[in-house]
There are 2 protein chains.
Amino acid sequence: MSGHDAIEVISAKRDRHELSDSQIDWVIDAYTKGVVADEQMSALAMAILLNGMTRREIARWTDAMIASGERMDFSTLSRPTADKHSTGGVGDKITLPLAPLVAACGVAVPQLSGRGLGHTGGTLDKLESIPGWRAALSNQEMFAQLESVGAVICAAGAELAPADKKLYALRDVTGTVEAIPLIASSIMSKKIAEGTGALVLDVKVGTGAFMKDVDQARELAETMVALGTGAGVHTVALLTDMSTPLGLTAGNAIEVAESVEVLAGGGPADVVELTLALAREMLAGAGRDDVDPADKLADGSAMDAWKQMIRAQDGDPDAALPVARESHVVTAPSSGVLTRLDAMAVGLAAWRLGAGRARKEDPVQAGAGVVWHARPGDDVTQGEPLFTLLSDDEHRFARALESLEGGFDIEPAGTSFEATPLVIDRIG
Amino acid sequence: MSGHDAIEVISAKRDRHELSDSQIDWVIDAYTKGVVADEQMSALAMAILLNGMTRREIARWTDAMIASGERMDFSTLSRPTADKHSTGGVGDKITLPLAPLVAACGVAVPQLSGRGLGHTGGTLDKLESIPGWRAALSNQEMFAQLESVGAVICAAGAELAPADKKLYALRDVTGTVEAIPLIASSIMSKKIAEGTGALVLDVKVGTGAFMKDVDQARELAETMVALGTGAGVHTVALLTDMSTPLGLTAGNAIEVAESVEVLAGGGPADVVELTLALAREMLAGAGRDDVDPADKLADGSAMDAWKQMIRAQDGDPDAALPVARESHVVTAPSSGVLTRLDAMAVGLAAWRLGAGRARKEDPVQAGAGVVWHARPGDDVTQGEPLFTLLSDDEHRFARALESLEGGFDIEPAGTSFEATPLVIDRIG
């Protein structure tokens, strides 16, 4: 691992050379240990963003990040494992109904999750709105819960891919987030280190997603599927639409409530559709495509698994959820058909209301967020509620309203409307 | 100056946009104050290196670096001012005879100089081998010496373009030195802030230079001439050869000795030629092309100015110079004509002998360096001395010898040899 230095590795990528295995291993190890400084790694990250990486380089980079920490192993569990990762969207509460649903089908879901940053919410932030629920579990607790309940959603420990943790925080402040090699290796290093047997990637495309463009999203999906497959994880990706937000809510407690509706057999059609599509892929990946997850929603066993999962982490699934102190209703300015509802506009509004955070040390408001009362294709009536904004701080409404301006279109009744498909493509 | 943030500026350059005046002013000011962090500036520097900058952006960047500190003003001096900057070469002691020579011609030379880093030596390191000489002068001392002696070579104070000082140190460790916009603005911000009326740039090209390629060197020269001219400084650049080292010595005290030979009317022909060429440009730039600097070498007035200049900074121009404790002679392996002597090989050898430093906090050896006893075109005789290596540490000879391997060619007597011209082109 010796014989390298930071300037040599940076210069090689700067000058469009392919980095050797030994250069990659060295730079990740040295960065984790603080031998390579932040200002050196950010220059390298920018060179990677602008000059790219080959599939071989990305695979090695991912391996080196995995090797920077511990690797979990679920092979002693009595059931197969499957996990899901979403690249982040607005109203994307899918993990909440999905994990207990798949568990109810006999496949264990070891979901190590993160907190939200920016306009897309975090799964842990949403779950933390449930009274008593805690995100931090020891490895022993996690194993025990996977064996007993079959599903766990918890915070990734500091031991899992620490190089990625450090690099992710650096990219966030240096304009180097948008590099497909770095996004793919960041996601896959954590998922491979987590030790899941199967993995389904929900790669979002559209205004509210990180990837605005379907070709870029496809490249990211293909890169990640190749990384997972290469590491022996059964990996499939769905490209799904994120030009419209998912469901009818974006926030924390309000998304938990919507998830519980889905587990109770109701909920918005798009949330149910995507939950089932992802569940089927996870079950297929884990060799359990004999089970139909729709049955487990219908017979209440998914809801049972949810309650067990929440209770196992000290949460009370039957407790009342927090409610925002203030609310503000936006009515439809005209009557007709809602033909567009922009995911980014809604996400930004929810974020400005306090549902998300600007910096990773900021708190979030459990009750804050946006509820929309119609989805594209629905009829709306002038003067009737179109959005309900929720926040603990009244002063936040003005800027949230600004972000909703121009974020939707209402066209005359009878205007033909064609819904975009939710699942755009499948890669695997 | 408000309304900007680091990620916005980094992303703009990353995405190949032209930075606005306001973005440039903000980022340089915020970096100087520590609001923009090193890891953000290094990502921006890499984006600039890979995506380039327009002439307008470079000019504004230079202005912003000048505005980060103080600006000197020599307009109250009784004579015009002219300065020279070299992009750095091996055996490049030209500033030493040049400054007093131009002063003897009636033009004041306010040379704010730096220390060497890497294989090219620094002017201050060379002068510090003179017993008693000091590099640090107050502004008052500098003014007084320019009025009385007409030449000063001293260390640039911390007040001059502090943004550049910080950025230069950062580029040095992040693989972002090799960006023409950053090189040009770094050099020119200091020279414009220094307040010289005329400026001659010696842009080196060849193996021992920073620019290996004549097109790149020309682009750098043209960029700098445009910056200087735009700032009202009469600026000219000479592209000069640095495939062969200058003179017969590379080191510190040994280069001072060679410079004194030139001032005494002797010295190697190439050093004399380049000194006179640069002196003529400086005099022309300052409106004094009526004076022939060759006369001032011949009549001893340049030597008088040298002695006054050294004494004014507490040095003893007549004292014996330090001598290295150890020496090692390399003899010619065959007889014939020396057809090639590689500047990089010689520079690296001198550096490894202790004449240069690896890190800016390292000391240099006053007596260390390389003397070569023949220049390309000269006859050499097998067994006769070809190089003399000088160092205080005997153990340094082995690695210095390694760097000289393959660094020269001796061909059979009578082989035709055509010298490359020293001055390749003039831009201005």
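Reading the values: the criteria
- Residues numbered from 1 in each chain as written.
- Chains lettered and ligands numbered in written order.
- Predicted model: local features only at pLDDT ≥ 70, side-chain atom pairs only at ≥ 80, totals over all residues.
- Heavy atoms only, no water.
- Contact = heavy atoms within 4.5 Å.
- Buried area = accessible area lost by both parts, 1.4 Å probe.
- Salt bridge = Lys/Arg side-chain N within 4 Å of Asp/Glu carboxyl O.
- Helix = DSSP H or I, 4+ residues; strand = E, 2+ residues; numbered from the N terminus.
- Nonpolar A, V, L, I, M, F, W, Y, C, P; charged D, E, K, R; others polar.
- Polar contact = N/O pair within 3.5 Å; in protein donor to acceptor, adjacent residues only side chain to side chain.
- Axes fitted to C-alpha atoms, helices over the stretch in contact; angles between N-to-C directions.
- Parallel < 35°, antiparallel > 145°, perpendicular 65-115°, else oblique.
- Least-squares fit on C-alpha atoms with pLDDT ≥ 70 in both.
- Core = buried A, V, L, I, M, F, W, Y, C linked by side-chain atoms within 4.5 Å.
- Buried < 20%, exposed > 50% of the residue type's maximum accessible area, 1.4 Å probe, protein only.

## What to know about the interface of chain A and chain B
You'll often see interface size given as the accessible area lost when the parts meet.
Next, step 1: Taken together, the contact pairs 20 residues of chain A with 20 residues of chain B.
Next, step 2: In this assembly, chain A packs against chain B so that about 1600 Å² is buried in total across both faces, 66% of it on carbon and sulfur atoms.
Next, step 3: It is Arg14, Glu39 and Leu50 of chain A in chain A that bury the most area against chain B; as a group they hold 35% of the surface buried on that side.
Next, step 4: Applying the counting rule to chain A against chain B returns two salt bridges.
Next, step 5: Among the secondary structure elements, those contributing two or more residues to the side of chain A that touches chain B are helix H1 (6-14), helix H3 (38-51) and helix H8 (162-173) of chain A.
Next, step 6: Considering each element in turn, the side of chain A that touches chain B owes the most residues, ten residues, to H3 of chain A.
Next, step 7: Class assignment of the residues belonging to the side of chain A that touches chain B gives a composition of nine nonpolar, six polar and five charged.

## With respect to the side chain of Lys191 of chain B
Residue and element names in this part refer to chain B.
Next, step 1: On the secondary structure map, Lys191 appears in helix H9 (residues 180-194).
Next, step 2: For Lys191, the side chain forms a polar contact with the side chain of Glu194, separated by 3.2 Å.
Next, step 3: Sequence-distant contacts of Lys191, defined by excluding residues within four places in its chain, comprise Asp83, Lys84, His85, Gln111, Leu112, Thr196 and Leu199.

## Here's the deal with the packing of helix H2 (residues 21-33) of chain B against helix H8 (residues 162-173) of chain B
Residue and element names in this part refer to chain B.
Next, step 1: For the pair H2 and H8, the least separation of the axes is 9 Å and the interaxial angle reads 80°. Judged on the interaxial angle alone, H8 and H2 are roughly perpendicular. Contact residues: Ile28, Tyr31 and Thr32 in H2; Pro162, Ala163, Lys166, Leu167 and Leu170 in H8.
Next, step 2: In the contact of H2 with H8, the residues fall into six nonpolar, one polar and one charged.

## Here we look at the relation of the copies chain A and chain B
Next, step 1: Once turned by 180° and shifted 0.0 Å along the axis, chain A lies on chain B with an RMSD of 0.0 Å. The transformation relating the two chain copies, once decomposed into turn and shift, fits a two-fold axis. Nearest to the rotation axis, the C-alpha of Glu39 of chain A is located 1.9 Å from it, this being the minimum over chain A.

## Notes on the nonpolar core
Soluble globular proteins tend to pack their nonpolar side chains together in the buried interior.
Next, step 1: Ranked by size, the top nonpolar core spans 128 residues in total, and within it Trp61 of chain A together with Trp61 of chain B carry the most contacts.
Next, step 2: If we skip the residues at most four places from it in the chain, Trp61 of chain A touches Ile24, Val27, Ile28, Met41, Leu44, Ile48, Met53, Leu167, Leu182 and Ser185 of chain A.
Next, step 3: Counting residues in hydrophobic clusters, the runner-up holds 71 residues, among them Ala82, Leu127, Leu274 and Phe397 of chain B.

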